[in-house]
Amino acid sequence: MSRVYNFSAGPSMLPEEVLKKAADEMLDYQGSGQSVMEMSHRSKVFESIIQGAESLVRELMGVPDNYKVLFLQGGASSQFAMVPLNLMTKNKKADFVLTGQWATKAYKEAARYGEAHVVASSKDKTFSYIPKLDPATFSKDADYFHICMNNTIYGTKYHTLPDTGDVPLVADISSCIMSEPIDVSRFGLLYAGAQKNLGPAGLTLVIIREDLIGHAMEFTPTMFNYQTHSDNGSMFNTPPCYAIYIAKLVMEWVKENGGLQAMKEHNEKKAAILYDFLDQSKLFKGTVVKEDRSLMNVPFVTGDEALDAEFVKQATAAGFVNIKGHRTVGGMRASIYNAMPIEGVEKLVAFMQQFEAAH
Ligand SMILES: *Cc1c(COP(=O)(O)O)cnc(C)c1O
């Protein structure tokens, strides 16, 4: 068996130890005589899985007691609607910073339900930076303020959070969840699709401050009301059982490997190998301003589309897969989430050096 280095933006690599453990437990989960895929979500054995997963989210992320942890479905994209349906209900107004496609989708969806106000945008330079924010331009009476913390497609990230005062800060953390410590108490709501850094597709994690639950718009579908899931321990209907189980294994792996502070150090080391190479390369260059660089998604180009295509082709043949950039940026993108080992990045850089020498 040979496994590739998978630089996909998502779904993405999972830790090999997790896949092996899941394989070992596939036919008989801990003496239950069943796979987790087959068991009732109302069984004692599954209850211990979902409760264990919630405890790990709380422990690893330091979630305060006045926040609920919800295991939902529908992807981060469903949160683009669920957030306004539940939160945009007092003054029917919210603020948005447009730092890429996902942030823009969140804004457009919210604009269907209320007054969505664009505070700043980096669209003028293909989202290659995080705009400087001036709190004087924020809506004082906004029901929430939305950011996309790590911009998966463009490779930027907020290194400091906007100061929104009493306005709840809402963040899409799909592509940076558990990549480093986060102060949950700074946010009203956090959400993430699992398939970047937490587990398989099909699970969406929501962490919401309790006082923001229970104010949904009248016509909100039952399944889109946070209250429904909060009141029922994420078991109003059948949850994505197997995805929750794998996320639990991933979180156990994160914990065994030192938790979020250790993930941060590991991710900084990996990203530095790639960025340091890009900064001195005469062929490849990063597309993002230095101070806003992401630790998770690293886009880069040669400046010549044909050469980019040749690089992607040769890299794929050499076992570095899914490294083609998003169509709106072009070039390449290496997504180096928690599960990407340091050797994966070292070998990629060695391959880039060879390619550079040959071109
Ligand atoms: C991938 C991604 C999404 C979309 O997630 P789905 O689960 O596919 O809906 C949204 N936001 C960010 C930041 C992402 O990286």
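What counts, and where the lines are drawn
- Residues numbered from 1 in each chain as written.
- Predicted model: local features only at pLDDT ≥ 70, side-chain atom pairs only at ≥ 80, totals over all residues.
- Heavy atoms only, no water.
- Helix = DSSP H or I, 4+ residues; strand = E, 2+ residues; numbered from the N terminus.
- Rg over C-alpha atoms; globule rule 2.2 N^0.38 Å.
- Buried < 20%, exposed > 50% of the residue type's maximum accessible area, 1.4 Å probe, protein only.
- Contact = heavy atoms within 4.5 Å.
- Areas by Shrake-Rupley, 256 points an atom, 1.4 Å probe, with all protein chains shown as cover.
- Phe/Tyr/Trp six-rings, centres within 6.5 Å; stacked < 30°, edge-to-face > 60°.
- Near = heavy atom within 4 Å.
- Polar contact = N/O pair within 3.5 Å; in protein donor to acceptor, adjacent residues only side chain to side chain.
- Nonpolar A, V, L, I, M, F, W, Y, C, P; charged D, E, K, R; others polar.
- Domains from an automatic or database assignment.
- Buried area = accessible area lost by both parts, 1.4 Å probe.
- Core = buried A, V, L, I, M, F, W, Y, C linked by side-chain atoms within 4.5 Å.
- Pairing = 2+ DSSP bridges.
- Axes fitted to C-alpha atoms, helices over the stretch in contact; angles between N-to-C directions.
- Expected span 1.5 Å × (residues − 1).

### Examining the overall build of the protein chain
Then, number 1: A count of helical and extended segments in the protein chain gives nine helices and 14 strands.
Then, number 2: At 21 Å, the protein chain has a C-alpha radius of gyration in line with the 21 Å of a compact globule built from 359 residues.
Then, number 3: For the protein chain, the spread of C-alpha atoms along the principal axes amounts to about 60 × 60 × 30 Å.
Then, number 4: Per-residue burial for the protein chain yields a buried fraction of 57% across its 359 residues.
Then, number 5: Put simply, 69% of the contacts in the protein chain that link residues at least 6 apart link residues at least 24 apart.
Then, number 6: Of the accessible surface of the protein chain, which amounts to about 15500 Å², a share of 50% is contributed by carbon and sulfur atoms.

### A few points about the packing of aromatic side chains
Then, number 1: For the structure shown, the criterion picks out 18 aromatic pairs.
Then, number 2: An angle of 45° between the planes, with centres 6.3 Å apart, marks the rings of F7 and F320 as tilted. Linking F7 in the loop between β1 (5-6) and α1 (16-24) with F320 in strand β13 (residues 320-321), this pair joins segments that are 313 residues apart in sequence. F320 shares its class with F7; the two are buried.
Then, number 3: Seen in terms of ring centroids, F320 and F351 are 5.4 Å apart; in terms of plane orientation they differ by 45°. Their pairing is tilted. Here F320 is found in strand β13, whereas its partner F351 is found in helix α9 (residues 342-358), with 31 residues between them in sequence.

### Let's talk about the site of the ligand
Then, number 1: The environment of the ligand is made up of 13 residues, and the closest members are S77, T152, D172, Q195 and K196.
Then, number 2: Contact distances for the ligand include 2.5 Å between an oxygen atom and a side-chain N or O atom of K196.
Then, number 3: Coverage of the ligand by the protein amounts to 87% of the 380 Å² it exposes when considered alone.
Then, number 4: Sort the elements by how many residues they give to the shell around the ligand and helix α3 (residues 75-87) lands first, with four residues.
Then, number 5: Tallied by class, the residues present in the shell around the ligand amount to four nonpolar, seven polar and two charged.

### Quick look at the domain arrangement of the protein chain
Quite often, the size of an interface is put as the accessible area lost when its parts meet.
Then, number 1: Domain boundaries in the protein chain define domain 1 (17-256) and domain 2 (259-358).
Then, number 2: Distance between the C-alpha centres of domain 1 and domain 2: 27 Å.
Then, number 3: On the domain 2 side, the residues contacting the 27 residues of domain 1 number 25 residues.
Then, number 4: When domain 1 packs against domain 2, close to 2200 Å² is buried across both sides, 55% of that on carbon and sulfur atoms.
Then, number 5: Taken together, the connections running from domain 1 to domain 2 amount to 14 residue pairs in polar contact (both at pLDDT 80 or more).
Then, number 6: Within the residue set of the side of domain 1 that touches domain 2, elements represented by two or more residues are α2 (44-61), β7 (156-157) and α6 (241-256).
Then, number 7: It is α6 that contributes the most residues to the side of domain 1 that touches domain 2, three residues altogether.
Then, number 8: Residues belonging to the side of domain 1 that touches domain 2 are distributed by class as follows: 11 nonpolar, 11 polar and five charged.

### Focus: the nonpolar core
Then, number 1: In terms of nonpolar packing, the biggest core is built from 93 residues, with V57, M61, I173, I207, F284 and F311 touching the most fellow members.
Then, number 2: Ranked by the residues each element gives to this core, the list is headed by α6, at 12 residues.
Then, number 3: Residues from two domains meet in this core; each of domain 1 (17-256) and domain 2 (259-358) gives at least three.
Then, number 4: Not counting residues up to four positions away in its chain, the partners in contact with I173 are M61, M149, I182, L190, Y191 and A192.

### A short note on the sheet that holds strand β11 (residues 285-286)
Then, number 1: Ordered by their spatial adjacency, three strands build an open sheet running β11-β12-β14, and the pairing between neighbours is antiparallel. Two strands bound the open sheet, and with one partner strand each, they are β11 and β14 (332-335).
Then, number 2: Note: β11 against strand β12 (residues 297-301), two bridges, orientation antiparallel. By the bridge assignment, K285 is partnered in β12 with V301.
Then, number 3: Contacting β11, β12 and β14, helix α7 (residues 259-280) runs over the sheet at an angle of about 20° to β12.

### What about α9?
Then, number 1: Here α9 spans 25 Å end to end across 17 residues, near enough to the 24 Å set by a 1.5 Å rise per residue.
Then, number 2: Looking at the buried positions of α9, the neighbouring elements they touch are β1, α7, β12, α8 (305-317), β13 and β14.

### Thoughts on unusual backbone geometry
Then, number 1: With an omega of -10°, the peptide bond between G10 and P11 qualifies as cis.
Then, number 2: With respect to the helices, strands and loops of the structure, P11 is situated in the loop between β1 and α1.
Then, number 3: One non-glycine residue, M178, lies in the positive phi region at around 65°.
Then, number 4: Position of M178 among the secondary structure elements: in the loop between β8 (169-172) and β9 (189-193).
Then, number 5: The class for M178 is buried, based on a relative accessible area of 3%.

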